[in-house]
Every structure is written in structure tokens, then in C-alpha cells.
Amino acid sequence: MENVLQAAKDLAASRHAVALTGAGISVESGIPPFRGKGGLWEKIDPMEYAHIEALRRNPEAVWRVLIQDMKTTLDTARPNDGHTGLAQLEKMGILKTIITQNVDGLHQLAGSRHTIEFHGSFAWMRCMNCSNRIETRYLDISVIPPRCACGGIWRPECVFFGEEIPPRCLIDSKHAAMSCDVMLVVGTSAEVQPAAYMPVIAKNRGATIIEINPEKTALTRSVSDYIIRGKAGEVMNGILSALNQIRSSAPVDG
Ligand code: NAD
Ligand code: ZN
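Since this is a predicted model, take the numbers as computed values, not measurements. (Residues numbered from 1 in each chain as written. Chains lettered and ligands numbered in written order. Predicted model: local features only at pLDDT ≥ 70, side-chain atom pairs only at ≥ 80, totals over all residues. Heavy atoms only, no water.)

(A) Representation of the site of ligand 1 within the structure. By nearness alone, 26 residues border ligand 1, and Arg-35, Gln-101, His-119, Thr-188 and Ser-189 come closest of all. Between ligand 1 and the protein, one listed contact pairs an oxygen atom with a backbone N or O atom of Val-103 at 2.8 Å. If ligand 1 stood free it would expose 850 Å²; the protein chains cover 93% of that surface. When grouped by side-chain class, the residues that make up the shell around ligand 1 number 11 nonpolar, 10 polar and 5 charged. The two domains that each donate at least three residues to the shell around ligand 1 are domain 1 (1-31 + 79-119 + 166-254) and domain 2 (32-76 + 120-158). (Near = heavy atom within 4 Å. Polar contact = N/O pair within 3.5 Å; in protein donor to acceptor, adjacent residues only side chain to side chain. Areas by Shrake-Rupley, 256 points an atom, 1.4 Å probe, with all protein chains shown as cover. Nonpolar A, V, L, I, M, F, W, Y, C, P; charged D, E, K, R; others polar. Domains from an automatic or database assignment.)

So this is what it looks like as C-alpha cells:
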């Protein structure tokens with residue numbers, strides 16, 4: 001894989017690398033993405049269930065179709081080589097920030113410290129009535145929709161379509177995109193705005209944009225410098241071993 005070596009070289013030469021990740025990086029952890037092969041949206045209409053109006057109008061349906069399965073899957077999901085590879089890049093001092101569109105918390109579980117959760121987090125639920133909070137893994141879902149003691153319905157602290165990106169996340173992400181010289185774009189179809197705009201900001205500032213995805217995306221050719229077609233975990237393993245070789249053969253200063 002020619003581009004794997006190129007990516008290792010680009011990362012080795014970078015001063016400030018940043019990653020933008022999407023649902024695809026968690027596919028090898030058993031979490032289905034929205035779009036693409038095997039995606040949730042082959043089965044459901046996103047606007048019917050993943051929109052804030054749907055949650056307000058019919059929370060029971062959104063719980064049954066979307067949230068219930070997600071809780072069951074995420075309660076036991078573990079990071080894969082894609083997540084641990086990025087955590088490793090951070091430990092090596094190469095990767096400074098991960099902007100993730102994922103709500104599964106797997107980057108943090110893999111040991112990444114500088115992670116921006118652009119679309120919020122599934123780790124906590126908030127009462128739609130009194131704003132009380134509970135950790136998702138402790139929530140009893142034997143009755144759907146689950147309710148807070150006040151009678152209000154619990155919802156995940158994720159950003160639904162039609163909701164605003166938390167302003168702090170947007171500011172921090174734009175800052176990361178403007179500061180980087182290499183951006184790894186891993187497992188995202190780049191169709192959800194404004195997240196998909198972050199590589200464009202980075203590109204306009206002269207950064208090298210490297211995509212890791214088995215399929216072409218909205219960014220391929222127009223924004224990315226090159227794409228490594230493959231699964232996130234396998235590709236990250238390849239990049240890390242190439243990087244280690246580059247580092248061990250590099251002349252030592254002094
Ligand atoms: P998406 O579902 O739109 O696209 C997934 C992308 O991942 C596709 O381009 C696909 O080709 C690629 N992919 C599939 N398998 C892969 C693999 N093994 N390695 C690398 N890439 C792979 O995802 P998106 O762009 O993140 O946008 C969907 C939105 O849905 C996000 O905003 C996110 O909030 C939410 N979501 C999150 C999760 C999660 O937290 N794990 C899961 C589903 C959806
Ligand atoms: Zn309540």
C-alpha cells in the first residue's frame with residue numbers, strides 16, 4: 001500500500017497533526033455506521049428518527065428504533081486498532097487533537113486525551129423535562145421510553161439533526177483545523193455539516209489531507225490529497241509500523 005508509507009512520511013514530517021473521525025472508525029468495534037454498506041440508513045429514514053423534531057414529537061418511536069439498540073451496542077463496545085492507533089500517535093507527540101463525530105466514547109477508552117466530541121456523547125442521558133442527568137450504562141431500559149423520577153423522558157446528550165453544535169466544540173474544532181499541517185480524515189462520509197467543513201478549513205490553510213476509508217467520499221479528489229482505501233484498524237497498523245521504521249532509521253541528533 002503505497003499511500004500508507006506516504007502517510008507515515010507525512011506524519012513523521014508534521015509539526016501539528018489533527019484527526020477528524022466518523023462512524024467508520026468504530027465499524028470494526030461492531031457499531032454500524034449511518035451511511036455506506038451495512039449502514040443503519042439502509043433500514044431507517046434518518047430524518048424520521050435522528051431529527052430533534054422526531055424526538056420531541058414521538059420519543060417512544062425514536063427510542064425503539066434508534067436509541068435502544070445503540071445503548072445495547074455501546075454498553076459493551078471496545079476500541080479497535082483504529083482507535084488505539086490514533087491514541088498511540090498522540091503519545092508519540094504527533095497527533096495533537098481528534099475531532100470526532102462519534103458519540104461512542106471509544107477514543108477516550110483507547111487512551112486519547114485531546115478529543116473534541118463534535119456531536120456530543122452517548123455516555124450520559126439528560127431528562128427532557130428537568131435536565132437531570134444519568135450515566136447511560138446505569139439507565140434501566142426495561143420500559144421504553146425510560147423516564148426520570150419527574151416523569152420526563154431520558155434522551156442521550158448527542159446532537160440530533162436540527163440541533164446546534166455545542167459552541168465550544170465548534171470553536172475548538174475550527175482552531176484545530178486552522179492549526180494543523182496534516183489532517184487524517186478517518187471513516188467519515190463527510191456529508192454531515194459543519195463537521196465535513198473542517199478538512200476544507202485545514203486544506204485552505206495548506207494542510208495535507210489524508211483520507212482513510214474503504215470507499216470514496218465527498219472529499220475524495222476535491223479536498224483530500226490522497227486516500228488510503230482500507231479499514232481504519234488495518235490501515236492504522238500499517239501506518240504505525242511504517243512510522244516506527246522511519247523513526248528507528250532516522251539519524252539521532254547530537
Ligand atoms: P457515516 O455513517 O456517514 O459514514 C461512515 C463512513 O465510514 C463511510 O464513508 C464508510 O465508507 C466508512 N467506513 C465503513 N467501514 C469503515 C472502516 N472499517 N474503516 C474506515 N471507514 C469505514 O458516518 P459519519 O460521517 O460519521 O456521519 C454520521 C453521523 O452519525 C455522525 O455525525 C455520528 O454522530 C453519527 N454516528 C455515530 C456513531 C458512533 O458513535 N460510532 C455510529 C453511527 C452514527
Ligand atoms: Zn426529570
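(B) Geometry of the coordination of the zinc ion (ligand 2). Protein-derived coordination of the zinc ion (ligand 2) comes from Cys-127 (SG), Cys-130 (SG), Cys-148 (SG) and Cys-150 (SG), at a distance range of 2.2 to 2.3 Å. Each of the 4 donor atoms around the zinc ion (ligand 2) contributes to a set of angles spanning 100 to 117°, which defines the coordination as tetrahedral. We note that the donor set of the zinc ion (ligand 2) lies within a single chain, spaced as C-x2-C-x17-C-x1-C. With Cys-130 in the loop between strand 4 (120-127) and strand 5 (133-135) and Cys-148 in the loop between strand 5 and strand 6 (154-158), this pair connects stretches of sequence that are 18 residues apart. The exposure class assigned to Cys-130 is partly exposed, which follows from its relative accessible area of 39%. A relative accessible area of 6% means that Cys-148 is categorised as buried. (Donors = N, O, S within 2.8 Å, 3.2 Å for Na, K, Ca; no water. Tetrahedral: all angles 85-135°; square planar, octahedral: opposite > 155°, others 65-115°. Helix = DSSP H or I, 4+ residues; strand = E, 2+ residues; numbered from the N terminus. Buried < 20%, exposed > 50% of the residue type's maximum accessible area, 1.4 Å probe, protein only.)

(C) Quick look at the sheet that holds strand 8 (residues 208-212). The strand order 3-2-1-7-8-9 describes an open sheet built from 6 strands, whose pairing is parallel. With one partner strand each, in any of the chains shown, strand 3 (115-117) and strand 9 (226-228) form the two edges of the open sheet. Put simply, the sheet's adjacent strands are angled 20° from each other on average, direction ignored. Where strand 7 (residues 182-186) and strand 8 come together, 5 bridges link them in parallel fashion. For Leu-184, the partnering residue across the bridge sits in strand 8 and is Ile-210. Lying on the sheet, helix 1 (residues 2-13) is in contact with strand 1 (17-21), strand 7, strand 8 and strand 9; it crosses strand 9 at an angle near 115°. Across the face of the sheet, helix 9 (residues 232-249) comes into contact with strand 7, strand 8 and strand 9 while running at roughly 130° to strand 8. (Pairing = 2+ DSSP bridges. Axes fitted to C-alpha atoms, helices over the stretch in contact; angles between N-to-C directions. Contact = heavy atoms within 4.5 Å.)

(D) Structural detail: the packing of aromatic side chains. Per the counting criterion, the structure on display carries 0 aromatic pairs. The ring of Trp-124 carries the charged tip of Arg-133 above its face, separated from the ring centre by 4.4 Å. (Phe/Tyr/Trp six-rings, centres within 6.5 Å; stacked < 30°, edge-to-face > 60°. Lys NZ or Arg CZ within 6 Å of the ring centre and 35° of its normal.)

(E) Molecular detail of the pattern of salt bridges. This structure, assessed with the given rule, holds 10 salt bridges. Among the ionic pairs, Glu-157 bridges to Arg-133, the shortest N-O distance being 3.0 Å. A residue pair is termed long-range when its members are at least 10 positions apart, and Glu-157 in strand 6 and Arg-133 in strand 5 qualify at 24 residues. Judged by relative accessible area, which is 19%, Glu-157 ranks as buried. (Salt bridge = Lys/Arg side-chain N within 4 Å of Asp/Glu carboxyl O.)

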